[in-house]
Protein chains: 2
Amino acid sequence: MTERVGRYTLRLRSRPAIAGYAAAVGKKEGEGPLAAEFDRIFEDNTLGEESWEKAESALLNTAVQLAVQKAGFTPDLLDYVFAGDLLNQSIGATFALRDLSVPFVGLFGACSTMALSLGMAAIFVDTISAARCVAATSSHFCSAERQFRFPLEYGGQRTPTAQWTVTGAGAALVGNTGGGPFVESVTFGKMVDLGIKDANNMGAAMAPAAADTLKTYFSDTGTSPADYDMVLTGDLGETGSRLLRDLLGREGYDLLNRHRDCGLLIFDCEKQKTGAGGSGCGCSASVLCSYVFERLRRGNLKNVLFIATGALMSPTSSQQGESIPGVAHAVCLRANRG
Amino acid sequence: MTERVGRYTLRLRSRPAIAGYAAAVGKKEGEGPLAAEFDRIFEDNTLGEESWEKAESALLNTAVQLAVQKAGFTPDLLDYVFAGDLLNQSIGATFALRDLSVPFVGLFGACSTMALSLGMAAIFVDTISAARCVAATSSHFCSAERQFRFPLEYGGQRTPTAQWTVTGAGAALVGNTGGGPFVESVTFGKMVDLGIKDANNMGAAMAPAAADTLKTYFSDTGTSPADYDMVLTGDLGETGSRLLRDLLGREGYDLLNRHRDCGLLIFDCEKQKTGAGGSGCGCSASVLCSYVFERLRRGNLKNVLFIATGALMSPTSSQQGESIPGVAHAVCLRANRG
C-alpha cells in the first residue's frame, strides 16, 4: 500500500505501528538529561563481556530483546530484523543478533542507520512483505574510539568540534498491529559531499546531507517545518545543527523552534564534557526509542520528522585524503494512525 | 503486489525485470573460463587509481554506469541504489556511488550482498516503491588481502581451503519494464553459525547458511532442485560446495547436477592457482551479471535459483576467538515474465 509522493518520498498508507521499543545505554548516558527515559542503564560499560565489541553486541541484544518483549511478542514471531552499526563488517549487529534465528537484512548507513532500518522495516510491513520487523542499531564509545581514533589508553585530546560516541542501542518493533507511534512516510537520501575532510567535524560533513533530504521531503510532501511538532536530527551536534539551520535557511526553510538534535539531547555537553554533542549510531537510536517514541505514544508530541545522518568514511578513506560523504534518511512519525 | 509464500519467501507478482546488467573484472578474472562474458576487463588492477580501495570503487562505478547505459537509462532516472561491500564502513560502495545523486540504501551482507541488493531492488520495484533501482557490489583482491589477511608484500602462504578474492564488480538495473531476466521470488536468510572459526575456510562457515535458506525456500515454495535449470551458489568454493551437498542431502534434497558455484565458475582453480575457488562480494556479482543473466536472457536457462552466501566476521571478531556466522539470501530468476 506504499505510494510515492513527489520524487523520492514513500507514503505508507497503512501507517505501520511501532508496537514496541527499547533503549539500553551506558553509564555516562545514564548520567545525562535523559536518564529517566532509558529502559536499561549499564553502570559497567563492559556489560560483563571480554571486549568492547562484545559489549556493544550485548547492548544491542538487550535493546532488541526488550523491544520485542514490550510489544508482547517473542523473537520467533519476527519476519525480519533490519540492523547495522559502525564497527568493521558490522560485527556489533551480527553478533548481537546471531542467535535470534530471524532473517537478517544487514544495513549500512553509519549514524543514519536508525532511520534507515526503521524506514525499511516500516516499508516491509506496509507492503505486506512482513507482519513484524525489528529495526535496531548501536554504538559504543570504547569500540568506536579504538577503531576510528586512538586506543583509549592513549588519552588523545579532542577538538572543540569533535563529538562523543554514545554507548547506547535502540530497537523498534514495527508491526501491522499494535499501539503507536506510527510511521507515515519515509525518504531515503542521496549522498552529499561538500568536501569536508576533518573526521573531528562530522557535524559539518553531515549537515549538507540533512539539508538535502529535508528539502526533498518538504518539497515532495508540500509541508514545512511549521507542520511538525519536532524536526529531530540524529547527531549533528552543535556545529552541524548550526550549519543545517543556515543551509535550510538559504533554501527558504526556517526550522523555527522545532529543531532538536539527539546528540544535544542525550548529554549536558558542558557539564559532561562531550564536546559538540553525542554521536554514533546508538545516539539517535537510544533517544528515538525512548524519549521521542514515548512522547508520541502519550500524545505529548503529535508528529515528529526524524532525520538521522551518517558520515560515510573510514579511517582508510581519510588517510587516503578523501573527503567525507554524508547521507541522511527521514522518517515521519505520527501519534495517531488515522 | 508482493505476497508471502510459506514462512519466509516473498513472491513478486509483477516479476520485476533485470533491464540492464554489467560486470567489470580484473586481469586474472579476465584470464579465466568466463573471460568472454565480462563487459570490461581491466588489465591494470589499479584502474589508474592511487590505492586499491579507490580501484575497487572505480570498478564498481564502471559496472553501475554500464548497467544503467545498457538498460537505456541515465542515473537521474534511478529511484534507489542498493549496494555494499566488504571494506570497512563499505567505502568501496560509498565512494563508487557518491556522485550518482541517487538515494543510497547501504547494505551489509558480506559475500551475500549481490543477492541481498538484487532482492531488495526487486521488492522495491514490485511494491511500486520504485520504478528503477540498481543493485550492485564489488570486491578487489588487493584491498581485501590487506584488510582481512596480510599486506600483499608479505607473500603469506595459503591453506588448501582458502579462497581467492575476486577483483570484480557486478550491477543490475531492476525495473518495472524492460527485457529479462525477471525476478520471481526472494528469500532472505537467517544467520547460521555451526562454530567454524577458520577464516581460511569460509566455504565451511557459509555452507550451513546456504543449506538453511535453500531448505526454507524449497519448503516455502513446494519445489525441489529438479525444478530449476541451475541452483547457483555464490562463493562456497570446492570445500563449501561439498558440504552444502552433504547438508542438503541429509534433509532429503539432492542437488543433482543442477548445482554450480560462482567461485568455481570464474577461475580454473588448478591452472590459475586460486585454491578452493573465487570469493568476495564481486565473485557472485560478476558471474551473475554476465554469464548467468545472459543465458537467462537468451533462454538457454529457463530458471536459476541464486543463493549468495556471506561470512559475517571481521579480523577483530576472529582475533577475539569468535566463530563465523554465515548468512545466505536466495533470489529466484526466470527467463520469462509470465
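What counts as what
- Residues numbered from 1 in each chain as written.
- Chains lettered and ligands numbered in written order.
- Predicted model: local features only at pLDDT ≥ 70, side-chain atom pairs only at ≥ 80, totals over all residues.
- Helix = DSSP H or I, 4+ residues; strand = E, 2+ residues; numbered from the N terminus.
- Buried ≥ 20, exposed ≤ 12 C-beta atoms within 10 Å, placed from the backbone.
- Least-squares fit on C-alpha atoms with pLDDT ≥ 70 in both.
- Contact = placed C-beta atoms within 7 Å.
- Pairing = 2+ DSSP bridges.
- Expected span 1.5 Å × (residues − 1).
- Bend = angle between axes of the 7 residues up to and from the residue.

**Focus on the environment of Arg4 of chain B**
Position of Arg4 of chain B relative to the elements: it lies in strand E1 (residues 2-5). Taking the number of C-beta atoms within 10 Å as the measure of exposure, Arg4 of chain B has 15 and is therefore partly exposed.

**Things to note about the relation of the copies chain B and chain A**
The transformation that overlays chain B on chain A combines an axial shift of 0.0 Å with a rotation of 180°, and the residual RMSD is 0.0 Å. Read as a symmetry element, the transformation amounts to a two-fold axis. The position closest to the rotation axis in chain B is occupied by the C-alpha of Leu107 of chain B, lying 2.1 Å away. Mapped onto chain A, 100% of the interface residues of chain B again fall at the interface, so both copies present the same surface.

**Description of the interface of chain B and chain A**
Chain B puts 46 residues into the contact, and the matching count from chain A is 46 residues. Secondary-structure elements contributing two or more residues to the side of chain B that touches chain A are helix H1 (52-70), strand E5 (80-85), helix H2 (91-97), strand E6 (104-108), helix H3 (113-126) and helix H10 (315-319) of chain B. Here the side of chain B that touches chain A gets five residues from one element, more than from any other, and that element is E6 of chain B. Looking at chain direction, strand E6 (residues 104-108) of chain A and E6 of chain B are connected through three bridges and run antiparallel. Residue pairing for E6 of chain B: Phe108 of chain A is matched across the bridge by Gly106 of chain B.

**Overview of helix H9 (residues 281-298) of chain B**
Residues and elements named next belong to chain B. If you check H9, its first and last C-alpha atoms are 25 Å apart, about what 18 residues at 1.5 Å a residue would give, namely 26 Å. Of all the bends found along H9, the most pronounced is centred on Leu288 and spans about 40°. Of all 18 residues in H9, 14 are buried; the element is thus mostly enclosed. Looking one or two residues past H9, Gly299 carries a phi angle of roughly 90°, positive in sign.

**Regarding the environment of Ala210 of chain A**
Residue and element names in this part refer to chain A. Structurally, Ala210 can be placed in helix H5 (residues 202-221). For Ala210, a count of 32 C-beta atoms within 10 Å corresponds to the buried category. Residues Ala210 and Glu153, spaced 57 residues apart in sequence, show a C-alpha to C-alpha distance of 34 Å. Apart from the residues within four sequence positions on either side, Ala210 is in contact with Thr233, Leu236, Leu244, Ile307, Thr309 and Ala328.

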